[in-house]
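# Coordinate analysis (summary)
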Amino acid sequence: MLEELDGSSIARFHDRALSDGESSDTDGAEANGAWRWIKANHHYNGLLWREEDKARRTDVDAAEIAASKHLIDQHNQKRNDAVEAIDEAILTELSAVAHAADARLSSETAGAMIDRLSILALKIYHMRAQTERSDVDASHIEICHAKLQRLIAQRRDLASCLDDLLSETAIGHAYFKVYRQFKMYNDPALNPYLYGRARSGADKAAP
């Protein structure tokens, strides 16, 4: 599976999914293992992007903005769940690889890097659209074109770093761990505004 997993293949998949409305497959690889979760992660990043745009509207009722904020929380949780699932799938494939005595610990996981590649694909897609607008002046096009080139370079560099991490982990020269996100604001047992409200409601209901 790791032989099919590299920065260029992932970037192509991200781009094609955006162009095809997320209906495309993964360069001939079946959408299982890590690829299944790469697809899910990209899907939820796309939903997040659209909902973040909608949440910044100023011409709608406040209730619509609140609804968008709730959806953002839900999509973000599923996006992070997919990142962790990517890492788990890769580490399962590498379970038989022994770490060298001097193996380096990467503070950023492969899943987190793939998540960043997904976000960069969205930025590139939408920035390119800005360079193709006919309702703006030349200055806007020029500024957006410069930003587009920088985003492309950033993605190329990140894809190379991901390839380095994957190749090093495959031979035991590097490793990473699955770190749970622990999104406390989404957990009614950890968010004081949620468990405080629940306790307050219970107190009011008590005779």
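Overview of the structure. A quick note: this is a predicted structure, and the numbers were derived from the prediction, not measured.

For the rest of this paragraph, the subject is the pattern of salt bridges. Scanning the entire structure with this criterion turns up eight salt bridges. A salt bridge links Glu-52 to Arg-56, with the nearest nitrogen and oxygen atoms 2.7 Å apart. The class for Glu-52 is partly exposed, based on a relative accessible area of 28%. Given the relative accessible area of 57%, Arg-56 is considered exposed. Taking the shortest distance from any N to any O, the salt bridge between Arg-79 and Asp-115 comes out at 2.6 Å.

Now for helix α2 (residues 33–54). The end-to-end C-alpha separation of α2 is 33 Å, in line with the 32 Å expected for 22 residues at 1.5 Å each. By the burial criterion, the buried members of α2 are Ala-34, Trp-35, Ile-38, Ala-40, Asn-41, His-42, Tyr-44, Asn-45, Gly-46, Leu-47, Leu-48 and Glu-51. Close packing links the buried residues of α2 with α1 (7–19), α3 (62–93) and α4 (110–131).

Position of Ser-9 among the secondary structure elements: in helix α1. Overall, Ser-9 belongs to the buried group, its relative accessible area being 8%. Of note is the side chain of Ser-9, whose polar atom sits 3.3 Å from the side chain of Arg-12.

On to the side chain of Thr-109, then. Examined against the element boundaries, Thr-109 turns out to sit in the loop between β1 (104–105) and α4. Here Thr-109 falls in the buried class, since its relative accessible area comes to 7%. From its side chain, Thr-109 meets the backbone nitrogen of Ala-112 in a polar contact 3.0 Å long. Those residues in contact with Thr-109 that sit more than four places away from it in its chain are Asp-87, Leu-165, Phe-176, Lys-177 and Tyr-179.

We now examine the packing of α1 against helix α5 (residues 138–170). Running from N to C, α1 and α5 point in directions that differ by 135°, and their axes come no closer than 8 Å. For the element pair α1 / α5, the angle class is oblique. Where α1 approaches α5, its residues Gly-7, Ile-10, Ala-11 and Asp-15 are matched on the opposing element by Arg-155, Ala-159, Leu-162 and Asp-163. Its residues placed into classes, the contact of α1 with α5 shows four nonpolar, one polar and three charged.

Thresholds applied
Residues numbered from 1 in each chain as written. Predicted model: local features only at pLDDT ≥ 70, side-chain atom pairs only at ≥ 80, totals over all residues. Heavy atoms only, no water. Salt bridge = Lys/Arg side-chain N within 4 Å of Asp/Glu carboxyl O. Buried < 20%, exposed > 50% of the residue type's maximum accessible area, 1.4 Å probe, protein only. Helix = DSSP H or I, 4+ residues; strand = E, 2+ residues; numbered from the N terminus. Expected span 1.5 Å × (residues − 1). Contact = heavy atoms within 4.5 Å. Polar contact = N/O pair within 3.5 Å; in protein donor to acceptor, adjacent residues only side chain to side chain. Axes fitted to C-alpha atoms, helices over the stretch in contact; angles between N-to-C directions. Parallel < 35°, antiparallel > 145°, perpendicular 65-115°, else oblique. Nonpolar A, V, L, I, M, F, W, Y, C, P; charged D, E, K, R; others polar.

Geometric values such as these leave the question of function open.
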